[in-house]
Amino acid sequence: MSTVTFPGLGLTFEMNRVAFSIGSFHVYWYGVIIAIGFVLAAAFCCWQSRHFGLKPDDILDLVLFAGPGGIIGARLYYIIFNPDLYRNADGSLNLKACLSIHSGGLAIYGGIIAGTLIAYLVARYKKIPFPALADLCAFGLLIGQIAGRWGNFVNAEAYGSETTLPWRMGIQETVNGVQQVMEVHPTFLYESLWNLVGFCLLLWVLHKGLRKFDGMMFLLYVAWYGFGRGLIEGLRTDSLYFFSTGIRTSQMVGFVSCAVAVILLVWNLRRHPDPPNLYVNRINKNGEETK
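Treat the numbers as computed from the prediction; the structure is a model and nothing was measured.

What counts, and at which threshold
Residues numbered from 1 in each chain as written. Predicted model: local features only at pLDDT ≥ 70, side-chain atom pairs only at ≥ 80, totals over all residues. Heavy atoms only, no water. Phe/Tyr/Trp six-rings, centres within 6.5 Å; stacked < 30°, edge-to-face > 60°. Helix = DSSP H or I, 4+ residues; strand = E, 2+ residues; numbered from the N terminus. Buried < 20%, exposed > 50% of the residue type's maximum accessible area, 1.4 Å probe, protein only. Lys NZ or Arg CZ within 6 Å of the ring centre and 35° of its normal. Salt bridge = Lys/Arg side-chain N within 4 Å of Asp/Glu carboxyl O. Core = buried A, V, L, I, M, F, W, Y, C linked by side-chain atoms within 4.5 Å. Contact = heavy atoms within 4.5 Å. Pairing = 2+ DSSP bridges. Expected span 1.5 Å × (residues − 1).

Novice: Sorry if this is basic, but what is going on with the packing of aromatic side chains here?
Specialist: Where two aromatic rings form a pair, the distance of their centres and the angle of their planes describe that pair. Enumeration according to the criterion identifies 21 aromatic pairs in this entry. A centroid spacing of 6.4 Å and a plane angle of 40 degrees characterise the contact between F6 and F153, whose relative ring orientation is tilted. Pair noted here: F6 is in strand β1 (residues 2–6) and F153 is in helix α5 (residues 130–154), with a separation of 147 residues, a long-range link. Considering the side-chain rings of F139 and F199, the 5.9 Å spacing of their centres and the 90 degrees angle between planes classify their relative orientation as edge-to-face. One end of the pair, F139, is in helix α5; the other, F199, is in helix α6 (residues 187–207), and 60 residues separate them in sequence. In this pair, the class of F139 matches that of F199, namely buried. Clustering of aromatic rings is evident, with ring pairs tying together F6, F13, W150, F153 and F188. Above the plane of the ring of W267 lies R271, whose end atom (NZ or CZ) is 4.8 Å from the centre.

Right, dumping it as structure tokens:
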């Protein structure tokens, strides 16, 4: 059990990382919350698939591979940029530690990269445009990230530096063998709210008919999330660093990906000033693309 407080708001939460146990096997709230986010994301994408010329079956096929693939990617990314945690005393890789994901160590950017690659392969296999599928997946990614950050809240992790702001979060930390309460930035909350606003903006763009080309929603997602993550990462105290450079990996990836996405957005919008030639407008009632 751990105690998390928001003293400026008068809130106190007693947190238990374990949701329930089956014998000696523990199911953690972090995993439960991630699973809920995954299901909500898949359900939303199936519901909205027709707006992109896709079918719910396309999403379900993707889910079968993107779920485990995303977890593997998130774990590999974390290990690559934090290798010392997964080495034996002789410097060799500790395979058991690498596989023990229940002890923590997932990086969302690794999951995004792996999920995007899997979406590309599924699109090629099913002969549907990857940009159209990526546009729909942008909503699923945001939903998953909105929910997933609350897993960090349960674990009392992914927080920022100390602050005196009214919405500061109080957590128990052991410093030099002494347990004390630190009041810090609730960066998990910042990112969850940032993603919620991004989700609403993308939904507004979609239903106002402002989508001009396949891939636009995905680029908007990359730009929005990358910029926000870059800012928020600067507040965190548990950042992964780009090897020995002292550069925060996720901050660098966030700002660079945002810049690239903005450049591609501007370039494509200049190429598509007229009504869009979207995939959803090129298929007939049988779901076949017209030439």
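Novice: Help me understand the pattern of salt bridges, please; the structure alone is not making it clear to me.
Specialist: Pairs may arise between side chains of opposite charge once their charged atoms sit close together. With the rule as written, the count across this model stands at ten salt bridges. A salt bridge links K126 to D61; its shortest N-O distance comes to 2.7 Å. Here the residue K126 occupies a position in helix α4 (residues 108–126), and D61 occupies one in helix α2 (residues 56–80), the gap between them amounting to 65 residues. Accessibility expressed as a relative area gives 27% for K126, which makes it partly exposed. Given a relative accessible area of 30%, D61 falls into the partly exposed group.

Novice: Help me out: how do you make sense of the nonpolar core in this one?
Specialist: If you look at soluble globular proteins, the nonpolar side chains tend to sit buried side by side. L62, L133, F139 and Y221 are the most contacted members of the largest nonpolar core, which totals 51 residues. Listing elements by their share of this core, those giving two or more residues are α1 (29–48), α2, α4, α5, α6, α7 (216–233) and α8 (249–271). With ten residues, α5 is the largest single contributor of residues to this core. If we ignore the near neighbours within four places in the chain, the residues touching L133 are L54, I59, L62, A119, A123 and I128. Listed in part, the 14 residues of the second largest apolar core include M15, Y159, M169 and I171.

Novice: Just checking my understanding: could you explain the pairing of β1 for this structure?
Specialist: The two faces of a sheet get side chains in turn, since along a regular strand they alternate between them. Looking at chain direction, β1 and strand β2 (residues 11–15) are connected through five bridges and run antiparallel. Looking at β2, one finds that V4 is bridged to F13. Linking β1 back to β2 in an antiparallel pair, the connection comprises four residues, with G10 at a positive phi of about 75 degrees.

Novice: I would appreciate a short explanation of α1 in the present structure.
Specialist: Each turn of an α-helix holds 3.6 residues, which means side chains three or four residues apart point in the same direction. The end-to-end C-alpha distance of α1 is 28 Å, a good match for the 28 Å that 20 residues give at a rise of 1.5 Å each. When we look at burial in α1, the residues that qualify are I33, G37, A41, A42, F44, C45, C46 and Q48. Close packing links the buried residues of α1 with α2, α5 and α6.

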